[in-house]
Structures are given as structure tokens and as C-alpha cells.
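# Analysis of the macromolecular model
What follows is the residue order along each chain.
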Amino acid sequence: MNANKDISAFKKTWDILSPAVYYYAVYNIVFILLAFLMSLILDTSVGAKLQSRNGYEAMMNVLLNSFAMLFGILPLIPLLKGQLYRNKYLDAGPKAKPAAYLITTVIAFASSVGLNILLILTGFVGKSESYKQVAEKQYGVAFGVGFFIYGVVSPIVEEIVFRGLIFNKMKKYYPMSISVVVSALLFGAWHGNLVQALYGTCMGILLAYTYEKFKDFKIPCMFHAVANISVYTITYNQGLYNAVVRSYIAVGLIAVSIVIIVLIEKKLLDAVLYESEDV
């Protein structure tokens, strides 16, 4: 701990943010290369047929983005393995039971859907032009494609960068509360528009919180996947969207999340969530 205090602010900042820098650099290089290859394909007869299809542009953008994301995390895998290996020895406490995954799923669904409904009803979503542009791309693809990308690819990639590495690295230098909030703010800002920044920051706090409570990297990955799938499914289906966007549903879902977190904090669910340390 004392050794960490002697490290300069610049070195601390680089150690914390370098995973995002590595990821972003590789992501952009791969995206540019794939876009170049795609432009070559578009000059062929096959490319002409592809361009004639409805939703082609949105589909290509999402697919290129997804491939670039997957390539972007490749340099981070060794760093993640090393960090999780260290965590096995640094994180003391009882092991989480399978019930922890169920509780995480409930919190993820309730908080993500509840907060989204709240943002919609307050008009915050409709006022953001930058978010509308992002949403057009996200919902301009087939549901199955979007479900896989936003429910599998995006959660894994973003959790490796933000909870697996940035959050874990921040804990080496700063108190837990600061690490949770700052990593969440970085996660929110990463999304590039005010609506998703606010939503991402709130979710980032819960992601780091559940990760820290259960000491299992699969927890934030699952939380992220459940949250994305829940919101994407509801907002993709207009009928379901119209039925769900109600103020009482938002209040009820957020209340469920708060109650569960209070119960966890008061250790009233310990017997359900954790294995006995005596075993």
C-alpha cells in the first residue's frame, strides 16, 4: 500500500487508463481496415446487391463495430487474466452461492428497465439528438443480430475494459467509494452522449457494486448482459414498449432494486448469497 502512495499521479493515471487506450487504438485500426475491405467489396456486383437491401447501412455499421470491438479486447486478455489471478488472493471473504446470480439478474432487470422508463417519461431521451442518431443505428438491425451484439459482445468487451481492468486498477490506489464512482463516470462518458452517459454512470455504479459484493467477474458480465437484453427487447418491440412505459412501473422497479441493495447492505441475505466461511 505504501509503495502505491509513492507512485506519481501520471503513472497512476496511465496504469488505470492504459487498458482503454490500448483497446481504443486497436479498435480504431481494425475498424478502419474492415471499412476499407468493405469498400472494396462494395465495388463488386455482390456489394451492389448488398447495398440495395433495406437496413444495409445500419447493419454494416453495427457489424463492423462489433468485429472491431472483439479485436480491440485481444491485447487486454493477458492483462485481465493477471488481474483476476491477483484478485483471487487479494479479495478475502466468503464465496458467493448461485443465488447471487439470481439476485444480480433481478437488480439488473429492475434497475435498467426502471431507469430507462424514467428517462423516457421525463423527456430526457427525446431531447438528445446525439442519442437519437445512436438509437437509429442500434435499432436499424434485425432483432436477433442486435440481441447478440448488445447482449453478448458489448457486455463482455465493456466489462473487460471497465470493471475487469479500470475498476480493479483504481482499487490499488484509491478508496472503494472513489473507485466505484469514478470508474462509473468513465463508463458513462465512454458512450459519447448525455442520455447514455447518465444511464451508463448509474449502471456503472451498480455493476461495480455487485462485482465488489460477490467477488466474481462473471457477475458484472451477466448484469450487463441482462440489462442490455431487457432494455433492447422492450424498446425494440413497439407494443411492449407502449405497455411498459408507465410511471408506476418505473417507480416499482427502481424500488425493487433499492430494497434488494438495502437487504444486502444490512446482511439480511447473507445466508442465501454466501457460503459459510466455516465450510
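Computed from a predicted model, the values in this text were never measured in an experiment.

This part is about the environment of Lys215. Relative to the assigned elements, Lys215 resides in the loop between α10 (194-214) and α11 (218-236). Take Lys215: its relative accessible area is 34%, and that puts it in the partly exposed class. In the structure, Lys215 is positioned 121 residues away from Pro94 in sequence and 9.2 Å away in space, judged by C-alpha atoms. A distance of 2.5 Å separates a polar atom in the side chain of Lys215 from a polar atom in the side chain of Glu212.

Attention now moves to a nonpolar patch on the surface. Together, Phe10, Trp14, Leu17, Val21, Tyr22, Leu79, Tyr174, Ile178, Val182 and Leu186 line one region of the surface with nonpolar side chains, adding up to about 840 Å² of accessible area. Elements supplying a minimum of two residues to the nonpolar patch: α2 (9-42) and α9 (176-190). In terms of residue count, α2 provides more of the nonpolar patch than any other element does, 5 residues in total. Here Tyr174 shows up in the loop between α8 (143-173) and α9. Take Tyr174: its relative accessible area is 31%, and that puts it in the partly exposed class.

We now examine the side chain of Asn87. Among the secondary structure elements, Asn87 is positioned in helix α5 (residues 77-90). In terms of polar contacts, Asn87 uses its side chain to reach the side chain of Tyr211, at 3.4 Å.

Our next topic: the pattern of salt bridges. Scanning the entire structure with this criterion turns up 8 salt bridges. Across the pair Glu265 and Lys213 runs a salt bridge, and its minimum N-O distance is 2.9 Å. One end of the pair, Glu265, is in helix α13 (residues 247-265); the other, Lys213, is in helix α10, with 52 residues separating them in the sequence. Given a relative accessible area of 42%, Glu265 falls into the partly exposed group. What makes Lys213 partly exposed here is its relative accessible area of 27%. Because the salt bridges share partners, they merge into one network encompassing Asp15, Lys169 and Lys172.

Our next topic: the packing of α8 against α11. When two helices pack together, their arrangement is given by the angle between the helix axes and by the axis-to-axis distance. It is at 9 Å that the axes of α8 and α11 come closest, and there the two elements cross at 150°. Every pair of crossing elements has a handedness; the one defined by α8 and α11 is right-handed. Residues Phe143, Gly146, Phe147, Tyr150, Gly151, Ser154, Pro155, Glu158, Glu159 and Arg163 of α8 form the contact with α11, whose own contacting residues are Pro220, Cys221, His224, Ala225, Asn228, Ile229, Tyr232, Thr233 and Tyr236.

What follows is about the packing of aromatic side chains. A complete count under the given rule lists 19 aromatic pairs for this structure. On the basis of an interplanar angle of 75° and a centroid distance of 5.9 Å, the ring pair of Tyr24 and Trp190 is categorised as edge-to-face. Highlighted residues: Tyr24 in helix α2 and Trp190 in helix α9, separated in sequence by 166 residues. Measuring from centroid to centroid gives 6.3 Å for Tyr173 and Tyr174, while their planes differ by 65°, and the two rings are edge-to-face.

Okay, helix α7 (residues 129-138) next. Among the residues of α7, Tyr131, Ala135 and Gln138 are the ones counted as buried. Buried residues in α7, looked at end-on, bunch into an arc of 60°, giving them a common side. Counted as exposed and oriented over 90 degrees from the buried face of α7: Glu129, Gln133 and Glu136. Residues of α7 that are buried sit in contact with α8, α10 and α11.

With that settled, the discussion passes to the confidence of the model for the protein. Caution applies to low-pLDDT parts of the model: their predicted coordinates are not meant to be read in detail. Mean pLDDT for the protein: 89, with 91% of residues reaching 70 or above. Averaged pLDDT values for the elements of the protein fall to 55 in helix α3 (residues 45-51) and rise to 97 in α13.

By size, the foremost hydrophobic cluster in this structure holds 53 residues, and its most contacted members are Tyr23, Phe214, Ile264 and Leu273. With 10 residues, the single largest contributor to this core is α8. Excluding residues that lie within four positions of it along the chain, Leu273 makes contacts with Lys95, Ala96, Lys97, Ala99, Ala100, Ile103, Phe214 and Ile264. Membership of the second largest hydrophobic core comes to 8 residues, among which are Val113, Ile117, Ile234 and Ala250.

Let us now look at the layout of surface pockets. Of the volumes computed, that of the largest pocket is approximately 1,400 Å³. Here the lining of the largest pocket is built from residues that sort into 28 nonpolar, 18 polar and 2 charged. In this structure, the second largest pocket spans a volume of roughly 360 Å³. Looking at the lining of the second largest pocket, the element that brings in the most residues is α5, giving 3 residues. Taken together, the residues of the lining of the second largest pocket sort by class into 7 nonpolar, 2 polar and 5 charged.

Rules behind the numbers
All chains use their own residue numbering, which begins from 1 and follows the written sequence. Whole-chain, interface and lining totals are the exception, using all residues; otherwise, since this is a predicted model, local features are given only for residues with pLDDT of at least 70 and side-chain atom pairs are given and counted only at 80 or more. Values shown for side chains rest on all heavy atoms present in the structure; no hydrogens or waters enter the calculation. Under the scheme used here, helices are H or I runs from DSSP no shorter than 4 residues and strands are E runs no shorter than 2 residues, and both carry numbers assigned from the N terminus. Relative accessibility decides the category of a residue: with a 1.4 Å probe and only protein chains considered, values under 20% of the type maximum give buried, values over 50% give exposed, and everything between is partly exposed. The term polar contact refers here to a pair of N or O atoms within 3.5 Å; inside protein, the definition further demands a hydrogen-donor-capable atom paired with an acceptor-capable atom, and it admits residues adjacent in sequence only when both atoms are side-chain atoms. Candidates for patches are residues over 30% relative accessible area with no salt bridge; among them, like charges are joined within 9 Å and nonpolar side chains (Val, Leu, Ile, Met, Phe, Trp, Tyr) within 5 Å. Values of accessible area rely on a 1.4 Å probe in the Shrake-Rupley scheme; residue burial ignores everything except the protein chains shown. Here, a salt bridge means any Lys or Arg side-chain nitrogen found within 4 Å of an Asp or Glu carboxyl oxygen. As a rule, the C-alpha atoms of each element are fitted with a line to give its axis, helices using only the stretch in contact, and angles between N-to-C directions run from 0 to 180 degrees. By convention, the crossing between two helices is left-handed when the near helix turns anticlockwise from the far helix through less than a right angle, and right-handed when the turn is clockwise. In this analysis, two residues are considered to be in contact whenever any of their non-hydrogen atoms come within 4.5 Å of each other. Put simply, two rings from Phe, Tyr or Trp (the six-membered ring, in Trp's case) pair if the centres are within 6.5 Å, and we call them stacked under 30 degrees between planes, edge-to-face over 60, tilted for the rest. Within this analysis, the arc is defined by the directions that extend from the helix axis to the C-beta atoms. pLDDT expresses how confident the predictor is about each individual residue, on a scale running from 0 to 100. The term nonpolar core refers to a set of buried residues drawn from Ala, Val, Leu, Ile, Met, Phe, Trp, Tyr and Cys, joined through side-chain atoms within 4.5 Å. Definitions used for this entry: grid spacing 1 Å over protein atoms alone; cavity, a set of points where a 1.4 Å probe fits but cannot get out; pocket, an open set with protein on both sides within 12 Å along at least 5 of 7 lines; lining residue, one with an atom within 4 Å of a point. Grid points are joined across faces, edges and corners, and a volume is the space filled by probe spheres set on the points. Here the nonpolar group is Ala, Val, Leu, Ile, Met, Phe, Trp, Tyr, Cys and Pro; Asp, Glu, Lys and Arg are the charged ones; every other residue, Gly included, is treated as polar.

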